[in-house]
Amino acid sequence: MTAFLEKINSYVWGAGLIFLLMTTGIIYTVKLKFIQFRIIPFFRKNPPDRKQFRTVCMALGTAMGTGNITGVTSAIAIGGAGAVFWMWVSAFFGMALVYAENTLSMMYSTDDIKGTMAYLCKGLGSKELAVIFAVFCVFACIGMGGMVQVNTFSGSLETLRINKYIIAVSAFVLIYLVTSGGAERIGKTAQLLLPVVSVAYMAVCIAVLVVFRKNIPDALGKIFGQAFGLRQFAGGISGYTLSKAVSTGIRRGIFSNEAGLGSSPILHSSAENTSPEVQSMWSMSEVFFDTMICCTLTALTVICTGTFSIQTAFSFVTDEFSVPFLAVSMAIFAFCTVIGWYYCGETAFSYLSGGRYKKLFCIIFSVLASSGAVLTMKTVWTLSDIFNGLMAFPNLVGLVLLMNKVKIKVNK
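These remarks concern the structure in this document. Just so it is clear, the structure is predicted and the values come from calculations on it, not from any experiment. (Residues numbered from 1 in each chain as written. Predicted model: local features only at pLDDT ≥ 70, side-chain atom pairs only at ≥ 80, totals over all residues. Heavy atoms only, no water.)

**Describing the overall build of the chain**
On a plain count of helices and strands, the chain comes out with 20 helices and zero strands. Its C-alpha radius of gyration of 20 Å places the chain within 12% of the 22 Å reference for a compact globule of 412 residues. Referenced to the eigenvectors of the C-alpha coordinate spread, the extents of the chain come out at roughly 55 × 50 × 50 Å. Residues counted as buried form 57% of the 412 residues belonging to the chain. Of the contacts made within the chain by residues no fewer than 6 positions apart, 87% connect residues no fewer than 24 positions apart. Of the roughly 17,100 Å² that the chain leaves accessible, carbon and sulfur atoms contribute 66%. Where the 31 positive side-chain charges of the chain centre and where its 18 negative ones centre are 5 Å apart. (Helix = DSSP H or I, 4+ residues; strand = E, 2+ residues; numbered from the N terminus. Rg over C-alpha atoms; globule rule 2.2 N^0.38 Å. Buried < 20%, exposed > 50% of the residue type's maximum accessible area, 1.4 Å probe, protein only. Contact = heavy atoms within 4.5 Å. Areas by Shrake-Rupley, 256 points an atom, 1.4 Å probe, with all protein chains shown as cover. Lys, Arg positive; Asp, Glu negative; His and termini not counted. Charge placed at Lys NZ, Arg CZ, Asp CG, Glu CD.)

**Some details on the packing of helix 10 (residues 182–211) against helix 16 (residues 310–318)**
Relative orientation of the contacting elements helix 10 and helix 16 amounts to 75°, with a least axis distance of 9 Å. As far as their axial angle goes, helix 16 and helix 10 are roughly perpendicular. Residues Tyr201, Val204, Cys205, Ala207, Val208 and Val211 of helix 10 form the contact with helix 16, whose participating residues are Ile310, Ala313, Phe314, Val317 and Thr318. Taken together, the residues that form the contact of helix 10 with helix 16 break down as ten nonpolar, one polar and no charged. (Axes fitted to C-alpha atoms, helices over the stretch in contact; angles between N-to-C directions. Parallel < 35°, antiparallel > 145°, perpendicular 65-115°, else oblique. Nonpolar A, V, L, I, M, F, W, Y, C, P; charged D, E, K, R; others polar.)

**Some points on helix 18 (residues 358–371)**
With 14 residues, helix 18 ought to run about 20 Å at 1.5 Å a step, and its terminal C-alpha atoms sit 20 Å apart, in line with that. Along helix 18, the residues that are buried comprise Phe361, Cys362, Phe365, Ser366, Ala369, Ser370 and Ser371. (Expected span 1.5 Å × (residues − 1).)

**Topic: the nonpolar core**
Within the largest apolar cluster, 126 residues are counted, with the highest numbers of intra-cluster contacts made by Tyr28, Met117 and Tyr201. For Tyr201, the residues in contact, after removing those within four places along its chain, are Asn68, Ile69, Cys294, Thr298, Ile310, Phe314, Phe325, Leu326 and Phe333. (Core = buried A, V, L, I, M, F, W, Y, C linked by side-chain atoms within 4.5 Å.)

**A look at the environment of Pro265**
Considering the arrangement of structural elements, one finds Pro265 in helix 14 (residues 263–268). Between the C-alpha atoms of Pro265 and Gly125, which are 140 residues apart in sequence, the distance is 18 Å. Not counting the four nearest positions on each side in its chain, Pro265 is found in contact with Glu101, Asn102, Ser105, Gly115, Thr116 and Tyr119.

**Observations regarding the pattern of salt bridges**
Per the stated rule, a full pass over the model turns up two salt bridges. A salt bridge links Glu184 to Lys188, with the nearest nitrogen and oxygen atoms 3.2 Å apart. Separated by four residues within a single helix, Glu184 and Lys188 lie in helix 10, roughly one turn from each other. Using a relative accessible area of 42% as the deciding quantity, one classes Lys188 as partly exposed. Across the salt bridge formed by Asp218 and Lys222, the nearest N and O atoms sit 3.8 Å from each other. Placement of both Asp218 and Lys222 in helix 11 (residues 216–227) is noted, with a separation of four residues, approximately one turn of the helix. The exposure class of Asp218 is partly exposed, given its relative accessible area of 46%. Taking the relative accessible area as the measure of exposure, Lys222 reaches 35% and is therefore partly exposed. (Salt bridge = Lys/Arg side-chain N within 4 Å of Asp/Glu carboxyl O.)

**Observations regarding a nonpolar patch on the surface**
Among the surface-exposed residues, Val169, Val173, Tyr176, Leu177, Ile363 and Val367 lie close enough to one another that they form a single nonpolar patch of about 490 Å² accessible area. Taken together, the elements giving at least two residues each to the nonpolar patch come down to helix 9 (164–179) and helix 18. On the accessibility criterion, Leu177 (47% relative accessible area) is partly exposed. (Patch = residues over 30% accessible without salt bridge, like charges linked within 9 Å, V, L, I, M, F, W, Y side chains within 5 Å.)

**A few points about unusual backbone geometry**
The phi dihedral of Lys33 falls on the positive side, at around 55°, and the residue is not glycine. Considering the arrangement of structural elements, one finds Lys33 in the loop between helix 2 (15–31) and helix 3 (39–45). Notably, Tyr357 is not glycine yet its phi reads approximately 60°, a positive angle.

**Description of the packing of aromatic side chains**
Tallied over the full model, the rule gives 19 aromatic pairs. On the numbers, 5.9 Å between centres and 55° between planes, the contact of Phe314 with Phe325 is tilted. In this pair, Phe314 sits in helix 16 while Phe325 sits in helix 17 (residues 322–353), placing the two residues eleven residues apart along the sequence. Judged by its relative accessible area of 22%, Phe325 falls in the partly exposed class. Members of the aromatic cluster, joined through ring pairs, are Phe34, Phe37, Phe92 and Phe93. (Phe/Tyr/Trp six-rings, centres within 6.5 Å; stacked < 30°, edge-to-face > 60°.)

**A closer look at helix 16**
Helical geometry note: an α-helix holds 3.6 residues per turn, so side chains three or four residues apart project in the same direction. Restricting attention to buried positions, one finds in helix 16 the residues Ile310, Ala313, Phe314 and Thr318. The arc that holds every buried residue of helix 16, seen down its axis, measures 125°, which confines them to one face. Looking at the packing, one finds that the buried side of helix 16 touches helix 5 (70–79), helix 10, helix 15 (276–305) and helix 17. Downstream of helix 16 by a residue or two, Asp319 has a phi angle that is positive, lying close to 55°. (Arc of directions from axis to C-beta.)

**Focus: the packing of helix 16 against helix 17**
At a minimum axis distance of 9 Å, the contact between helix 16 and helix 17 shows a crossing angle of 125°. If you check the angle between helix 16 and helix 17, you find them oblique. Of the two possible hands of crossing, helix 16 and helix 17 adopt the one that is right-handed. Where helix 16 approaches helix 17, its residues Ile310, Gln311, Phe314, Ser315 and Thr318 are matched on the opposing element by Ser322, Val323, Phe325 and Leu326. Residues that form the contact of helix 16 with helix 17 fall into these classes: five nonpolar, four polar and no charged. (Left-handed = near helix turned anticlockwise from the far one by under 90°.)

Shape is all these values report; function is a separate question.
As structure tokens, then:
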């Protein structure tokens, strides 16, 4: 069964999906006149207020997960340092995708239907695609956004000798208390936790890089050199290693920032500021921060220290505290992902159920998500990965067919 699911997963996340995401991102980048470069001028003129920052933290929480740590190190282990460059490429074009997603979402979202479902149903006129996307989103929410994340932070907390059943019960209580309060409580929780752990994590990365600062030029040389196969070409090695760097980097980049999958527009539909331009620009900032900053710091840290383990890299500056620090950091990142993904799943479920049974869904999600602390997750992980990837297909149909609706209205 597992082998069969892995086969399906390889097709879902195969070259076809990667090609569609990247091509659509490139087209939107050209159409929007490289809007990625307008982020900094926009932020200078439009600093976030407290409520906008809350929305950003909730949305960023779904992306800023364990993929920023273990995902980056595994990408380098599989595809070499060159994979980091292709993560940057996927993030750059992904920023145009999330701009388009959120523009369309804010144009069509109402109290009854929000996010991706709104522009598929109202903009495209296809209730069928909206339903298909919503179903995929609910399953991805419970699996990838819930059970898998709890399993991940359970594993990290077990290194501190905390019993997994205690973790499961605690996770249920915390998840239910936060998610039962809706978008406002989820946003406030993410606003409280995410900035603190992000700053702490990046500070340790920077401290390691200061210690190994002499290795930074060489690390950057490896990233660019291996990205284009210069080292492999000089050594007479086939293009297999190069293709591995490209495919691994792009996949890991998309997996980390979720650009084009359709989750971001659902999260930003909860914002009180309903300006399409404001939400779209802030959604791009999340991709930038997630991949260009956080993932890059992780990558440089492990490359400069010559280890594929972020824990080992951190130990150069935190000594024996690297284990508890990383365990707590991963737990908080994963928890923010769980509560952010819950909102995506609840919004999709609400669309499918006509707004009914929200409390029941909250209880079911909390139970299933917390069960990830005690279950073997290989099959669940694969299924979740499949549904996560499947979300992209109806979303891309909407992005392509509604392309003429997406305009630039941001002041330079």
